[in-house]
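Now for the letters of each chain:
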Amino acid sequence: MQKRRTLFPGPTISRWAPILLTIFALAAGAATLSTSAQTLPPGSAPVPVDAERDQRFARWIADFSSSARAAGITDATLQSAFDGIRFIPRVTELDGAQAEFTRTVWDYLDSAVSTQRVVRGQDRLLQARPAVDPAATRYGVPAEILAAIWGMESNYGSNTGDIPTIDALATLGFEGRREAWARSQLLAALKILQNRDISRAQMVGSWAGAMGQTQFLPSNFLAYAVDADGDGRRDIWGSLPDVMASTANFLVRSGWQSGQPWGQEVRLPPGFDLALADGEQRRPAAVWAGLGVQTMDGSPLPALADAALLLPAGARGPAFIVGPNFRTILRYNNSTSYALAVGLLAQALGGGAPVQAAWPRDLQPLSRSQLLALQTALNARSFDSGTPDGMMGPATRSAARRYQRSVGLPADGYPTLELLQSVQ
C-alpha cells in the first residue's frame, strides 16, 4: 500500500559471508549466506561498495536471525530468505518521499485520476468482472472501489514492483529510522515464506515492502489475505480472485460499511466557519445541511450519520463531505490525497462526474524547509505544532487554524507562503 519504484539492486553482502557464517554459527549455527557475486543490469553504474556498512548490515542480519529463530522461524527459512541478501541504498533515499505526501493534492490527482487511468480502468474492470464481482458481492465493497485501489497500487496489475521484499525490509530495518516497524514486517515476510504462500524469488514489490497487485504489507497479508481460488495458496501476485477478495477483506475488517458512499463534493455557504472543515469534527449529514452545506447539484447530502468536512486545498479549493468509508480507505494508506484519489477514481470508473470546483493551481506548495520554518514560527508564538519535522500533519494544521483565527484569517489550516510570512 505504498508506491513502488524500479530500482537497481545494491551490492550483495555475500562478500561478508565468512563473517556472517561465523556469527550465525555462534548464534545458532544453521543459516548461511550465498557467496555468489552480484550482477548489475546491463548499462547500470556500479554501486560503490561501503565495506564498513556491509559489515554492520551483516551483523544486523545475524542479530535479526536470532530473534526470528526465537519467534519460530526455521533455519531452512532463514537460509532461503538471507541467502544473497542485499542492502539497497535507494530504499533509504526513497523512505519518506512518497508522492502523496510531497505533492500538491491537485498535482497528485491529475495523474492518479487521469483520463488514461480511467479509460484503462474501465476496460480492465470489464475484463476482470469474473474475479471482482464475487469479491464485491461477498464483502459488500463496490467493484469500482476495488478496481480503484487496484489501479492506484499497480496500474491494474501492470506494475507490482520488482524489489525483493526481504531485501527492502532488511534495508529499512538496518537503516534504523523505523527499525521496530521494519523488523515486524520482515518477520511477517519470513512467516509468509515459511507458510509457502510464495517463494523468495517471487516475493517482490515496492521499495517499502508492500507486495502484490494491491500492495499489501506482509503483516496485512498474514491478517487479511484470502485464498479465493481454492488452490491452497494466498497469491496476491498472480491470482486475481485472491487479489480482489484479499483487498475487500482488508477493507471490511478495517471498518467498511456496505451501502454507504465514501463521500461527495459539496459547496459551503458564504461565511462558513472553515475551522469546522478540518476532517475531524463529525456530525450527521443532516446537521451539516442545516449549516448550509449543499451538494454541487442540489440533491440531498448522502445519508451519513458520522460525516466530516474536508478542504484538501484550503479555502480556495473544493470541499468534500466524507464518511466512515473514507476513513477506512485511509487505513489502507494514511494520506488524504490517496483516499481522495481512490474515491474519485472509483467515481469516474462508474461514470460519475469529476471534481467541479477549481483547484487553486496558482498556490505554490511550501518546501520542507519552509514547512519547518512555519512549524518553528507557530511554536514560537505558542501555537503548538509539535516537534518541527517539515511534514504537514494534523498537529501543524490545528496550530495553523488557531493562529489564523487569532488574526482574523480564514481558518482553513492550509500552508501557504502568505501564512508563513504572516506567522514570521
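These numbers were taken from a predicted model, which means no experiment stands behind them. (Residues numbered from 1 in each chain as written. Predicted model: local features only at pLDDT ≥ 70, side-chain atom pairs only at ≥ 80, totals over all residues. Heavy atoms only, no water.)

**Student:** Could you give me a rundown of helix α8 (residues 143–154), with the residues and numbers involved?
**Tutor:** When the terminal C-alpha atoms of α8 are compared, their 16 Å separation across 12 residues agrees well with the 16 Å that a helix rising 1.5 Å per residue should span. The buried fraction of α8 is high, at 11 of 12 residues. Ala143, Ile145, Leu146, Ala147, Ala148, Ile149, Trp150, Gly151, Met152, Glu153 and Ser154 are the residues of α8 that are buried. (Helix = DSSP H or I, 4+ residues; strand = E, 2+ residues; numbered from the N terminus. Expected span 1.5 Å × (residues − 1). Buried < 20%, exposed > 50% of the residue type's maximum accessible area, 1.4 Å probe, protein only.)

**Student:** Can you lay out the pattern of salt bridges for me, pointing to particular residues and giving the numbers?
**Tutor:** It is possible for side chains of opposite charge to pair when their charged atoms get near one another. Applying the stated rule across the entire model yields 18 salt bridges. The partner of glutamate 93 in a salt bridge is arginine 90, with the nearest N and O atoms 2.8 Å apart. Of the two residues, glutamate 93 and arginine 90 are both situated in helix α4 (residues 89–94); the distance of 3 residues between them amounts to about one turn of the helix. We note a salt bridge from aspartate 306 to arginine 282, for which the minimum N-O separation is 3.8 Å. Linking aspartate 306 in the loop between β4 (294–295) and β5 (308–310) with arginine 282 in the loop between β3 (263–267) and α13 (285–290), this pair joins segments that are 24 residues apart in sequence. (Salt bridge = Lys/Arg side-chain N within 4 Å of Asp/Glu carboxyl O.)

**Student:** Could you give an account of the sheet that holds β4, naming the residues involved and the relevant values?
**Tutor:** Spatial ordering of the open sheet is given by β4-β3-β6-β5, a layout of 4 strands whose pairing is antiparallel. This sheet does not close on itself; its edge strands, each paired only once, are β4 and β5. Pairing of β3 with strand β6 (residues 319–322), which is carried by 4 bridges, proceeds in the antiparallel orientation. Its bridge partner being in β6, glutamate 265 is matched across the sheet by phenylalanine 320. (Pairing = 2+ DSSP bridges.)

**Student:** Just give me the short version of the pairing of β3, but keep the residues and values in it.
**Tutor:** Inspection of the sheet shows β3 paired to β4 by 2 bridges, in the antiparallel sense. The residue of β4 that forms the bridge with valine 266 is threonine 295.

**Student:** Now, about the confidence of the model for the protein chain: what can you tell me, with residues and values included?
**Tutor:** Detailed conclusions should not be drawn from predicted coordinates in areas where pLDDT is low. Summing up the model confidence of the protein chain, the mean pLDDT is 88 and the portion of residues at 70 or higher is 87%. In this model, residues 2–45 is a region of pLDDT below 50 whose contacts with residues beyond four sequence positions or in other chains number 118 contacts. (pLDDT = per-residue confidence, 0-100. Contact = heavy atoms within 4.5 Å.)

**Student:** Kindly report on the environment of glycine 350, identifying the contributing residues and their values.
**Tutor:** Within the fold, glycine 350 resides in the loop between α15 (336–349) and α16 (368–380). Put simply, glycine 350 and alanine 143 are 207 residues apart on the chain and 9.2 Å apart in space, counted from C-alpha to C-alpha.

**Student:** Would you mind going over the environment of proline 415 in detail, with residue names and values included?
**Tutor:** Within the element layout of this structure, proline 415 appears in the loop between α17 (394–406) and α18 (417–423). For proline 415 and leucine 363, which are 52 residues apart along the polypeptide, the C-alpha to C-alpha distance reads 9.7 Å. Setting aside residues no more than four positions away along its own chain, proline 415 makes contact with Leu366, Leu371, Leu374, Met392 and Arg397.

**Student:** Got a sec to walk through unusual backbone geometry? Specific residues and values, please.
**Tutor:** Even without being a glycine, asparagine 155 presents a positive backbone phi close to 50°. The residue asparagine 155 is located in the loop between α8 and β1 (163–164) in this model.

**Student:** Residues and numbers for the nonpolar core, please.
**Tutor:** Core analysis: the largest hydrophobic core is formed by 84 residues, its most contacted members being Phe82, Leu146, Ile166, Leu190, Met203 and Leu251. Take this core: its biggest share by element is 10 residues, from α15. Not counting residues within four places of it along the chain, the set of residues in contact with leucine 146 comprises Val132, Ala135, Ala136, Val141, Met244, Thr247, Ala248 and Leu251. Core analysis: the second largest hydrophobic core is formed by 15 residues, Phe272, Val293, Leu301 and Leu311 among them. (Core = buried A, V, L, I, M, F, W, Y, C linked by side-chain atoms within 4.5 Å.)

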